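Read off the chains here:
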Amino acid sequence: MLPSSQRLRLRRDFGLATRCGHRAASGTVVVHLARVTDELAGGRQDVHVDDPARVGFVVSRACGPAVTRNRVRRRLRHLMLPRLPELPLGIVLVVRALPAAASASTERLDADLTRCLTRCLSRLVPATVAVHS
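Residues numbered from 1 in each chain as written. Predicted model: local features only at pLDDT ≥ 70, side-chain atom pairs only at ≥ 80, totals over all residues. Heavy atoms only, no water.

Enquirer: How would you explain the side chain of Thr68 if you had to name every residue and give the values?
Expert: Mapped onto the elements of the fold, Thr68 is located in helix α3 (residues 66-80). Here Thr68 falls in the buried class, since its relative accessible area comes to 16%. The contact partners of Thr68, leaving out residues within four places of it in the chain, are Cys63 and Ala102. (Helix = DSSP H or I, 4+ residues; strand = E, 2+ residues; numbered from the N terminus. Buried < 20%, exposed > 50% of the residue type's maximum accessible area, 1.4 Å probe, protein only. Contact = heavy atoms within 4.5 Å.)

See the structure below:
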């Protein structure tokens, strides 16, 4: 189970990652990753740049009936749990399962998730401060 402080629940938080973040796709999952900045937070008091990474999952009806969707969500949560401490602070991450995730093995889900996370994190450029001489 993910810690409560590291779960995405609000629609606007999901939108933050999907609209303003980087995206990487594989055969079973699509990962959206955004770094929270003061501009993206929009003056919200509950979102801070130095908060721990927060993760949300989207599993649509295309993946199958409720039992299948819940199983896919549980498997993805289980695969994300050990990765949470490795993620930088201030990250909002959305993992969207594609229909192929319902029949994929855990090893394939793990490999696809790793590949997508690596791709998104490599695109994430840390904010640099311009030095004036």
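Enquirer: Which residues make up the sheet that holds strand β4 (residues 91-97), and what values do they have?
Expert: Pairing in this open sheet of 4 strands is mixed, and the strands run β1-β2-β4-β3 from one edge to the other. Edge positions in the open sheet fall to β1 (22-25) and β3 (54-59), since each of these has one partner strand only. Averaged over all neighbouring strand pairs, the angle between strand axes comes to 15°, with direction disregarded. Where strand β2 (residues 29-35) lies against β4, 7 bridges are found, and the strand directions are antiparallel. (Pairing = 2+ DSSP bridges. Axes fitted to C-alpha atoms, helices over the stretch in contact; angles between N-to-C directions.)

Enquirer: Residues and numbers for the environment of Leu84, please.
Expert: Tracing the backbone through its elements, the reader meets Leu84 in the loop between α3 and β4. Note: C-alpha distance between Leu84 and Pro52 (32 residues apart in sequence) is 8.5 Å. When neighbours within four sequence positions are excluded, Leu84 is seen to be in contact with Leu2, Pro3, Gln6, Ala53 and Val55.

Enquirer: Any chance you could break down the nonpolar core for me, citing the residues and the numbers?
Expert: It is characteristic of soluble globular proteins that their nonpolar side chains tend to be buried jointly. In terms of nonpolar packing, the biggest core is built from 28 residues, with Val31, Leu76, Met80, Leu93, Val95 and Leu117 touching the most fellow members. Contributions of two or more residues to this core are made by β2, β3, α3, β4 and α4 (106-123). For this core, the leading source of residues is α4, giving 5 residues. Those residues in contact with Met80, other than ones at most four positions away along the chain, are Val55, Phe57, Leu87, Leu93, Leu113 and Leu117. One finds Leu8, Leu16, Val36 and Val92 within the second-largest nonpolar core, a separate group that totals 7 residues. (Core = buried A, V, L, I, M, F, W, Y, C linked by side-chain atoms within 4.5 Å.)

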